[in-house]
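Analysis of the macromolecular model
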Amino acid sequence: MTLARINELTEAVNGRAVSVGDPTAGFERIETDSRKVRRGDVFWALKGPQHDGHDYIPDACARGAALCVGEKGRVPKGVAAVTVSDTLQALWDFAAWHRSRLDVLLIGVTGSVGKTTTRNMLHATLAARFRGVQSPANYNNHYGVPLSLLTIRPDHEFAVIEVGASQIGEIARLADLAQPEIGVLTAIGPAHLDEFGTIERIGDAKSELLQALPEAGFAVINGDDERVRGLADRAACRVLQTGVRVNNDVVARGIEINGDSLRFQVDRSKFTVHAPGRHFLTSALLAVAVAREIGMHDSEIAAGLKKFRPVTGRCQVLTLGPWTVIDDTYNANPVSMRAACELLRDWHAANQRVLIAGDMLSLGEQADAFHAGLGTEAARCGVTRLVAMGAQAARVAGSAKDAGMDAGCLGACRDMDTLTLLLDCWLEPGDVILVKGSRGMHMEHVIEQMKLLAAARKHETRSRKAA
């Protein structure tokens, strides 16, 4: 890092925002996790709920950090540093200054479900013609959004920024920072009810993105979601609606689901998405609408959509030994759990359709009812075997039994060991297994156990052949 760049950073985070050095150059990489620091990075010491970055400044320096940003009096002597009164506020100030220098089409994405998938699909689609960037991982909160903005380079033509919320007013503040010209709203559903209390308040929070858009911008929303449609008039700009309803602006027809592929048609153009499940259609249509509106041809859009692939934990299809496993472990709420059940229902050429469901968290007083509804939904969708894990496991299994599932095909487990033993007894070659639960349930450990089971089955098969 040059002296000019250090001066530039110092002045920006301290509110003077005077550009020094090459204004077209990209910023050095900023890292908040000392374990990920590479030589030449800026280490930004943030205080989070679990850790305080100031404790890891020595580690960041040992890994090659060129500069640290820390609070006054908390940076060890001898460390090259910019000191500020509050590192989080400094990060916001720096991100706002950086954003003000950029001429980039910024697209904000929010919703109760599907934010990350929609963000990824938008990026894949628009990248067929333009240079752009998207939020890293799930950087969608008051730490992640400013860090996402700082990944945008002057040569980028678009940026897709994911925006989340845990309280009223949070999206408004994040949108004021990011200054989106386009807003995308995926769905409104019962997620984070512990924080918001009601679905209506969730809708109020998500609508803050629409309200933040300039009149010259536009919004694209899921017109098949009644709650989302009800928010359209809160935007001062033009609003496009997408879905299968005939009165939407972008309408899908000829929908085909075949294993890990989704095909559909809009007007006379055909599109393919290499992802399992009908619920990916929502994200695909939102991407088509945005891309068309900014001047892309349908052939370019189709080429971009074909490059999309689900990321780990979000309906990623794996082959583990004799089984097809759908890793949907990243998170869960009632809307996404229903989509998971429907995905299994629509899966062709399966032996058994097995759902491994962890608890859905943060549902407040309605948690019992939503988990009972999950069992009913699994039975309705023809799930062959249901394994529920967590505090709500018995309720999920009981409601599935009441809805007609055979008791011998239901399992309620409190721990991973019991679940693993049950799977070892139940699973057969050709089964398709979907694993899903809230982030706090750590359902990715189930995927690891299934990898071990698959390896053990393979070893047993070889041993029998050798004998």
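Residues numbered from 1 in each chain as written. Predicted model: local features only at pLDDT ≥ 70, side-chain atom pairs only at ≥ 80, totals over all residues. Heavy atoms only, no water.

1. A few points about the sheet that holds strand β1 (residues 30–31)
Spelled out, the test is: Paired strands, in this sense, are two strands between which DSSP finds at least two bridges. For helices the rule is a DSSP run of H or I covering at least 4 residues; for strands it is a run of E covering at least 2, with both sets numbered from the N terminus onward. The contact definition used throughout considers only heavy atoms, calling two residues in contact when any of these lie within 4.5 Å. Between the N-to-C directions of two axes lies an angle of 0 to 180 degrees, each axis being a line fitted to C-alpha atoms and, for a helix, fitted only over the stretch in contact.
Strand order in this open sheet of 4 strands is β1-β2-β3-β4, and the pairing throughout is parallel. If you trace the sheet from one side to the other, it starts and ends with β1 and β4 (81–84), each paired once. For strand β2 (residues 42–44) and strand β3 (residues 67–71), the ladder comprises 3 bridges, and the chain directions are parallel. When the sheet's bridge partners are listed, W44 is paired in β3 with V69. Contacting β1, β2, β3 and β4, helix α3 (residues 87–100) runs over the sheet at an angle of about 130 degrees to β2.

2. Remarks on the environment of G197
Heads up, the rule is: Exposure is judged per residue with a 1.4 Å probe applied to protein chains only, and the accessible area is read against the type maximum: over 50% gives exposed, under 20% gives buried, and values in between give partly exposed.
Its location among the elements puts G197 in the loop between α7 (193–196) and α8 (199–212). Accessibility expressed as a relative area gives 44% for G197, which makes it partly exposed. Measuring from C-alpha to C-alpha, the distance between G197 and G364 comes to 7.3 Å, with 167 residues separating the pair along the chain.

3. Notes on the packing of aromatic side chains
Condition: Two rings belonging to Phe, Tyr or Trp (six-membered ring only in the last case) form a pair when the distance between their centres is within 6.5 Å. Interplanar angles under 30 degrees mark stacking, angles over 60 mark edge-to-face geometry, and anything in between is tilted.
Evaluation of the coordinates by the stated rule reveals 4 aromatic pairs. Residues F264 and F271 carry aromatic rings whose centres are separated by 5.4 Å and whose planes lie at 25 degrees to one another, so their mutual orientation is stacked. With centroids separated by 6.2 Å and ring planes inclined at 55 degrees, the aromatic side chains of F280 and F308 adopt a geometry described as tilted. Placement of F280 in helix α10 (residues 280–293) and of F308 in the loop between α11 (298–306) and β14 (316–320) is noted, with a sequence separation of 28 residues between them. By relative accessible area, F308 is classed as buried at 3%.

4. Overview of the pattern of salt bridges
Stated precisely, the cut-off is as follows: Any carboxyl oxygen of Asp or Glu within 4 Å of a side-chain nitrogen of Lys or Arg constitutes a salt bridge here.
Evaluated as defined, the whole model comprises 21 salt bridges. R63 is paired through a salt bridge with D59; the nearest N and O atoms lie 3.0 Å apart. Accessibility expressed as a relative area gives 38% for R63, which makes it partly exposed. Put simply, E293 and R238 hold a salt bridge, and the shortest N to O gap is 2.3 Å. With E293 in helix α10 and R238 in strand β10 (residues 238–243), this pair connects stretches of sequence that are 55 residues apart.

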